[in-house]
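As a plain string of letters, each chain reads:
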Amino acid sequence: MHKALRIKNAKENIVYLIIWLLLFTAPVVSMYIRSTHHSKIDFSWTEILHVWQIYLAFLLIFLIHNFLIAPLLIYKGKKKLYFTALACMMALFITYECTTKPPRHPGRRQHPPMEQPTSEANRPGHHMPPLMFGERDIINVTIMFLLLGMNLGVKLYFKNERDKKQLTQLKTENLEQQLAYLKYQINPHFFMNTLNNIHALVDIDPEKAKKSIIVLSKMMRYILYEGNNTTIPLQREVDFIENYLQLMRMRYTDNVTIETDLPKNLSEGTVPPLLFISFVENAFKHGVTYNKPSFIHIAVSTDDSHITFRCKNSKKEEPVEEIASPSSVRKEGASEGGVGLVNVQKRLALIYQDNYTLDINDSDETYETILTIPITS
């Protein structure tokens, strides 16, 4: 953050340096052009130095405004203090303009005879401070206001750029924090469900329970080493789903049909870790029943620009008394959403914004989820 701020300040100072170099170069270029095109006008460094003397006064006020006065308005928002300080500084500048005047020199172009001044005080080589606010003073004050306005404009531009960058960085950090929070919710939720499955296997088939612990260790390794990444290769996410389905096949009997269409050796495409597993968990939770044959169909496909995940499952019948109970309806509605499913929908919105589609087809006997996300490398 501090390094970026220093870079922005350096760019702003370079802009000012270029502007002032152009201003101090302009009198030299002007004098050269005039002396080249008019034989009666000689190239005079004395006249240039007098112009530079005025510019130095401009530069001094500019530096005071840039480093001391302008920050009061731009960075601190102290409008009254800014305009008070600006008024005092401009009053001093106007006083300086009214009491000083560059001397006249014989080398300058003379007025026609009819316009020659007759006053003794205005003879060539004689200098007298102006008694009133003249035309040149008005021009100098106008130039000074334009320079200060330019100073405010440049400062506002770079401040706006810094604010935009900081806002973008804050949004990115907030997004990362939200995603991390959602993943930390998903992980214990997933392990809780998986341990419940192993607990059920211990009573049904101890040998299968032992094998399931080995499969679970692979899944834990995936979550520990891959779960903290922003994205992972699609193939690793597919392998994770395969391991989970292997665990489920150990638990359920042949009465549950688990069909998959998962590609092998995927060479492209990345996805956020644990993106699909919540849909799969939801399918087993609400689609498997021991009262009648059940099925779960899972497929992953890719094309040139998108990844499509499909999960379709049968729906188990709920007891009539639970459906009739309002509290049971609220409970079922909450469990259908589930912590995992709700969080994965939040993650999709945070990561892909509107660049994804999630279609849910909920009929009387089946429940199907179709998720399409863009391929990212």
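Residues numbered from 1 in each chain as written. Predicted model: local features only at pLDDT ≥ 70, side-chain atom pairs only at ≥ 80, totals over all residues. Heavy atoms only, no water.

## Thoughts on helix α3 (residues 79–99)
For α3, with 21 residues, the first-to-last C-alpha span of 30 Å sits near the 30 Å given by 1.5 Å per residue. For α3, the complete set of buried residues consists of Tyr82, Leu86, Met89, Met90, Phe93 and Glu97. Each buried residue of α3 lies within a common arc of 100 degrees when the element is viewed along its axis, so the set occupies one face. Away from its buried face, by an angle of more than 90 degrees, α3 presents the exposed residues Lys80 and Leu92. (Helix = DSSP H or I, 4+ residues; strand = E, 2+ residues; numbered from the N terminus. Expected span 1.5 Å × (residues − 1). Buried < 20%, exposed > 50% of the residue type's maximum accessible area, 1.4 Å probe, protein only. Arc of directions from axis to C-beta.)

## Section: the pairing of strand β6 (residues 357–362)
Across 6 bridges, the pairing between β6 and strand β7 (residues 366–374) is antiparallel. Note on β7: the bridge partner recorded for Asp362 is Tyr367. With antiparallel pairing between neighbouring strands as the criterion, β6 and β7 make up a hairpin whose turn holds 3 residues. (Pairing = 2+ DSSP bridges.)

## Section: the packing of aromatic side chains
Scanning all chains against the criterion turns up 15 aromatic pairs. Here the aromatic rings of Phe279 and Phe309 are separated by 6.0 Å at their centres, their planes lie at 35 degrees, and the arrangement is tilted. Here the residue Phe279 occupies a position in helix α7 (residues 277–287), and Phe309 occupies one in strand β5 (residues 306–314), the gap between them amounting to 30 residues. By the burial criterion, Phe279 is buried, and Phe309 matches it. (Phe/Tyr/Trp six-rings, centres within 6.5 Å; stacked < 30°, edge-to-face > 60°.)

## Overview of the environment of Lys285
In this structure, Lys285 sits in helix α7. The partly exposed category is assigned to Lys285, whose relative accessible area is 45%. Between the C-alpha atoms of Lys285 and Asn193, which are 92 residues apart in sequence, the distance is 9.4 Å.

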